[in-house]
Amino acid sequence: MLKLPIYLDNNATTPLDPRVLEAMMPYLTEVFGNAASRNHPFGWAAEEAVDYAREQIAQLINCDPKEIIFTSGATESDNLGIKGVFEMYSQKGNHIITATTEHKAVLDTCKHIEKLGGRVTYLPVDGEGLINLADLEAAMTPETILVTIMYGNNETGVLQPVREIAAIAHKYGALFMTDGTQAVGKIPVDVIADGIDLMAFTAHKMYGPKGIGALYVRRKSPRVKVTAQMDGGGHERGMRSGTLNVPGIVGLGKACELCRLEMAADTARLSVMRDRLEAALLELEESYVNGSREHRLPHVANISFKYVEGEGLMMGVKDLAVSSGSACTSASLEPSYVLKALGLSDDLAHSSLRFGLSRFTTDEQIDYAINHVKEAVTKLREMSPLWEMFKEGIDLNSIEWAEH
Amino acid sequence: MAYSDKVIDHYSNPRNVGTLDKSKKNVGTGLVGAPECGDVMRLQIEVDESTNTITDAKFKTFGCGSAIASSSLATEWLKGKTIDEALSIDNMEIVEELALPPVKIHCSVLAEDAIKSAISDYRVKNGLPALEEAKSHH
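Here, residues in each chain are numbered from 1, in the same order as that chain's written sequence. Lettering of chains starts at A and numbering of ligands starts at 1, both following the order in which they are written. Selection of residues for local features in this predicted model requires a pLDDT of at least 70, selection of side-chain atom pairs for listing and counting requires 80 or more, and totals for whole chains, interfaces and linings are taken over all residues.

Caption draft 1: Just the overall build of chain A, in detail. Where helices and strands are cited, they refer to DSSP runs of H or I of at least four residues and of E of at least two residues respectively, numbered from the N terminus. Within chain A, the secondary structure is distributed over 13 helices and 15 strands. For this measure, only C-alpha atoms enter the radius of gyration; the expected value for a globule follows 2.2 Å times N^0.38, where N is the number of residues. For chain A, the C-alpha radius of gyration of 22 Å lies close to 22 Å, the compact-globule estimate for 404 residues. Over its C-alpha atoms, taken along the principal directions, chain A stretches across nearly 75 × 55 × 35 Å. Every C-beta atom is placed from the backbone, and the number of other C-beta atoms within 10 Å of a residue's own sets its class: buried at 20 or more, exposed at 12 or fewer, partly exposed in between. Counting over 404 residues, chain A shows a buried share of 53%. We call two residues in contact when the distance between their C-beta atoms, placed using the backbone, is within 7 Å. By sequence separation, contacts in chain A at least 24 residues apart represent 73% of the contacts at least 6 residues apart.

Caption draft 2: Spotlight on the UniProt feature "modified residue: N6-(pyridoxal phosphate)lysine" (unreviewed entry) in chain A. Residues and elements named next belong to chain A. UniProt positions are given in the numbering used here, feature names are shortened, and annotations may be inferred rather than shown by experiment. Listed under "modified residue: N6-(pyridoxal phosphate)lysine" (unreviewed entry) in the UniProt record, and renumbered for this structure, are Lys205. Checked against the element boundaries, Lys205 lands in the loop between strand 7 (198-202) and strand 8 (213-217). The buried category is assigned to Lys205, around which 27 C-beta atoms lie within 10 Å. In contact with Lys205, not counting residues within four places along its chain, are Thr13, Thr14, Thr181 and Gln182.

Caption draft 3: Expanded view of helix 2 (residues 65-78) of chain B. Residues and elements named next belong to chain B. Between its first and last C-alpha, helix 2 extends 20 Å over 14 residues, near the 20 Å set by a 1.5 Å rise per residue. With respect to burial, helix 2 is a largely interior element, 12 of its 14 residues being buried. Turning to helix 2, its buried residues number three or more, namely Gly65, Ser66, Ala67, Ile68, Ala69, Ser70, Ser71, Ser72, Leu73, Ala74, Thr75 and Leu78. To estimate the expected span of a helix, count its residues, drop one, and scale the result by 1.5 Å.

Caption draft 4: How the structure looks around the packing of helix 2 of chain B against helix 4 (residues 91-98) of chain B. Residue and element names in this part refer to chain B. Axes, fitted as lines to C-alpha atoms, cover a helix only where it is in contact. Angles between the N-to-C directions of the axes lie from 0 to 180 degrees. Interaxial distance between helix 2 and helix 4 falls to 10 Å at its minimum, and their mutual angle equals 110 degrees. Taken together, the axis directions place helix 2 and helix 4 in an arrangement best described as roughly perpendicular. Counting all contacts with helix 2, which are made through Ala69, Ser70, Leu73 and Ala74, the residues of helix 4 involved are Ile94, Glu97 and Leu98. Broken down by class, the residue content of the contact of helix 2 with helix 4 amounts to five nonpolar, one polar and one charged. Note on angle classes: values under 35 degrees are labelled roughly parallel, values over 145 roughly antiparallel, values of 65 to 115 roughly perpendicular, and the remainder oblique. For this scheme, ten residues count as nonpolar: Ala, Val, Leu, Ile, Met, Phe, Trp, Tyr, Cys and Pro. Four count as charged, namely Asp, Glu, Lys and Arg, and the remainder, Gly too, count as polar.

Caption draft 5: Just the sheet that holds strand 3 (residues 53-62) of chain B, in detail. All names here are of chain B. DSSP calls a pair of strands paired once it identifies at least 2 bridges connecting them. With antiparallel pairing, three strands are arranged side by side in an open sheet as 1-2-3. What marks the edges here is a single partner per strand, and that holds for strand 1 (27-34) and strand 3. The sheet shows a mean angle of 15 degrees between the axes of neighbouring strands, direction not considered. For strand 1 and strand 2 (residues 39-48), the ladder comprises eight bridges, and the chain directions are antiparallel. Bridged to Thr29 within strand 2 is Gln44. Lying over the sheet, helix 2 contacts strand 2 and strand 3, oriented at roughly 170 degrees with respect to strand 3. Packed onto the sheet, helix 5 (residues 105-125) meets strand 1 and strand 2 and runs at close to 140 degrees relative to strand 1.

Caption draft 6: Structural detail: helix 5 of chain B. All names here are of chain B. If you check helix 5, its first and last C-alpha atoms are 31 Å apart, about what 21 residues at 1.5 Å a residue would give, namely 30 Å. Counting buried residues in helix 5 gives 17 out of 21 residues, a clear majority hidden from the surface. The first or second residue beyond helix 5 is Gly127, which carries a positive phi of 80 degrees.

Caption draft 7: Examining the interface of chain A and chain B more closely. If you look at the interface, chain A gives 22 residues, while chain B gives 25 residues. Where the side of chain A that touches chain B is concerned, the elements lending two or more residues are helix 9 (310-316), helix 11 (346-350) and helix 13 (385-391) of chain A. Residue composition of the side of chain A that touches chain B, grouped by class: 10 nonpolar, five polar and seven charged.

Caption draft 8: Molecular detail of the domain arrangement of chain A. Residues and elements named next belong to chain A. Start and end points for every domain follow an automatic or database-based domain assignment. Parsing chain A into structural domains produces domain 1 (6-11 + 262-398) and domain 2 (18-259). Averaged C-alpha coordinates put domain 1 and domain 2 at centres separated by 30 Å. Across the side of domain 1 that touches domain 2, the residue classes break down as eight nonpolar, 10 polar and four charged.

Caption draft 9: Here's a closer look at the pairing of strand 15 (residues 352-356) of chain A. All names here are of chain A. Extensive coverage of strand 15 is indicated by the burial of five of its five residues. Bridge analysis of strand 10 (residues 300-305) against strand 15 gives five bridges, and the strand direction is antiparallel. Within the sheet, the bridge partner assigned to Val300 lies in strand 15 and is Gly356. Looking at chain direction, strand 12 (residues 323-324) and strand 15 are connected through two bridges and run antiparallel. Residue Ser323 lies in a different strand from strand 15, and its bridge partner there is Arg354.

The structure is reproduced here in C-alpha cells:
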C-alpha cells in the first residue's frame, strides 16, 4: 500500500538511513565519552570513532582526514569558510566573488562581509542557471581573496562548472570555495581533481542526521587557514571550538561511506526515475523545466506550470511533500530569487514545483506523483481565467491588470 | 498553512466554475487582480433585467485556495440576489464564512471587487454610469 503523503522534498532534507542510525546508536548511550578526553578509555573510544568517520568522509571527497573540520551543518560551514577566509587573508585583499543563485547561507554571509567593509561581486546566471566564466574572469582583481560558487543548486539542481571556476580563481591567486551541500554524496566530488580549497557540506542531505556538517579546508598546495568564528577549547585544529558531536560525526561518516558505495547505483536508478517524472509532466502544455537539463544533479527536477498559481497548486498536490518556487509569507507572494535569477517571470516562478528524489523513492511513488500533479494542474487550469485567455489566443501582456 | 474545512470544500468542489457569454447585454463581467500578484478573478453575472435579479453567476480564478474559495462562495451568494442586495455583500462576510486568516483577507477583498466590477460592467452595458467603487478601489 502506498503511504501518503509521498516525500519528494529531499533537497530540503533526507530521511536518516537505518544503517546510519544503527552505526550511531552506541555513541548515544554506552560510548558517550568526550573525544577530547585524553586520560581514559571513554575519551579514546570517542576519538577513535571520530577518526574513523574522518576517514570515511575523506574517502568520499578524496581528501586527507585531517582536512575535515566538523561543524553543526552547511550553514555554519559556509559562515566559517567565508568569514574565516575574509579575516585570515585581510592583508591580501577584501574582495569576494559569488553568484546570485547561492544559498542564503552564502549570500547573507556575503552581505555581512560587505558591512564589515569587504567588497562582494554577485555574478549573474544565464537562463540555464550557469555563471559565465568570462564574467568571472573579468571580475577577478588583485584584491580577490575568494571565489565561492556552489556545486549544485538546491532549487534547480544545476551544476556549476567548478573545475573551470577553480582554475580561474587560482590563476588570479584567489582561493576557491564551494557549497557542496546538494552535490556531496549524490555525484562524484573530488576536491583534488576539482581544485577545491574549501567546501561546505552536511549530513542530513545524504541520509545522515541533522546538526552535523563539515568544512573541508585544504592543507597542502596551498595550505588554507580560516580564522575561527567560535572561540573556546581549540578543537578542530583551532578552527572550530566546541565538544565534538560524536554520534553525529559517526552518522556523517557512515552516511558518506554508504554514499560512496551506493552512489553509482543510486544515480542510475534515480536519474531514470527523474527523467520519467519530468517527461510525463512535460506532456502537460505550457510546462517548462527550470535550469539546465544537461548540467544537473540526477535526482532533481524543477518544473513550472504556466497559468496555475503556486499556492493553489501546492494545495492541489496535497498528497506530495514538495517545495514550490513561491513563498507566501504575507499578503504578498515572494517568488524564488533563484528562479528569478534565471530570468523567469514572477508568475512562472510562482507556479513551479521542485521534486527531489531519494534513495528511498520508489517507482510506485513516481507513478502516483505523475498522476496527482497532472490532475491538479488540469483541474486548476480549467478553473483559471488566464488559461482560458491563453487558449483563446489573448496576449496576457496586452491586458491592463488592476494591480493591488 | 492550515485551511478551514470550508475553504477545502470550495477548493475541492468549486461551485459555478465556468464562463457566461460576455457579449450578451444582460451579462456583466468583472476581471480583477493581476498575474504578478498571484491572484486573478473573473466573476460573471447574468441578470434578469425585468426584476434586476441575478439569475446565474460563474467564476474562474487563478490563485490560492482561499482565492478560489472566496470567488466560489461569491457565486453561490450572488444567485437569486437583486443587484442592490449583491452590492451590499461585504468582504468581511466572506472572511467570516470561510474563516480566512488575516494573511488571506485580500482574497475576500478581491472577491468583493470582482462582484462590484461585474455589476459595474452590467450597468455600463445597460446605459447606467459605472460604479465609483469599482473604478477606484485599488
